[in-house]
Amino acid sequence: MRPSIAAMSEMPGPKVYNVWWGDYHGGTQRQRGIYQYTVSPFAQNPTKHLFRHYLFNAYRRISQQFVYFAVPITIGYSVYAWAKRKDAWQNSKAGHLAQHGGH
């Protein structure tokens, strides 16, 4: 089996139009205004020491913010526990007798 012409043609090279990309008049012409950027070698591996430095940095940051999330959580849980106890007492036999008398 013979390969097709499209399979035998070359891929477009750098900065050159290729005929099979739709430029049928003019052949191959140079492209202008193409810029190539690269990443700095210092920015290619931003997660190099992520796990090693995470333990100490996370402990420091969480301990600084501890008051801001521990106090509201403690108050919220205290209100929740008080409401559960009060609801259980109000729905008990002793709660009914204390609130409504003896009926």
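See the structure printed just above.
Below is a summary of the structure that appears in this document. Keep in mind that what you see is a predicted model, and the values were worked out from it rather than measured.

A word on a nonpolar patch on the surface. Judged by side-chain polarity, Ile62, Phe66, Val67, Phe69, Val71, Ile73, Ile75, Val79 and Trp82 come together as a nonpolar surface patch covering roughly 900 Å² of accessible area. Its place among the elements puts Ile75 in helix α2 (residues 50-90).

This part is about the packing of aromatic side chains. Enumeration according to the criterion identifies 2 aromatic pairs in this entry. Ring plane angle 80° and centroid distance 5.6 Å describe the contact between Phe66 and Phe69, whose orientation is recorded as edge-to-face. Separated by 3 residues within a single helix, Phe66 and Phe69 lie in helix α2, roughly one turn from each other. Judged by its relative accessible area of 38%, Phe69 is partly exposed. Where Tyr77 meets Tyr80, the ring centres are 6.2 Å apart and the plane angle is 40°; that geometry is what we call tilted. Placement of the pair is Tyr77 and Tyr80 together in helix α2, with a separation of 3 residues, close to one helical turn. According to the relative accessible area criterion, Tyr77 is exposed, its value standing at 56%.

The rules behind the values
- Within each chain, residues carry numbers counting from 1 in the order of the written sequence.
- A pLDDT threshold of at least 70 governs which residues receive local features in this predicted model, and a stricter bar of 80 or more applies before side-chain atom pairs are shown or counted, although totals over entire chains, interfaces and linings include all residues.
- Hydrogens and water are ignored here; the side-chain numbers use all heavy atoms of the structure.
- Here a patch means residues that are over 30% exposed by relative accessible area and free of salt bridges, tied together within 9 Å if like-charged and within 5 Å if nonpolar (Val, Leu, Ile, Met, Phe, Trp, Tyr).
- Areas reported as accessible are Shrake-Rupley estimates using a 1.4 Å probe. Residue values count occlusion only from the protein chains shown.
- Between Lys or Arg on one side and Asp or Glu on the other, a salt bridge is scored when a side-chain nitrogen of the former is within 4 Å of a carboxyl oxygen of the latter.
- Under the DSSP-based scheme used, a helix requires at least four consecutive residues in state H or I and a strand at least two consecutive residues in state E, with every element numbered from the N terminus.
- Pairing of aromatic rings covers Phe, Tyr and Trp, the last counted by its six-membered ring, and requires centre-to-centre distances within 6.5 Å; plane angles under 30 degrees mean stacked, over 60 mean edge-to-face, and any other angle means tilted.
- A 1.4 Å probe rolled over the protein chains alone gives each residue an accessible area, and that area as a share of the maximum for its type sets the label: buried under 20%, exposed over 50%, partly exposed in between.

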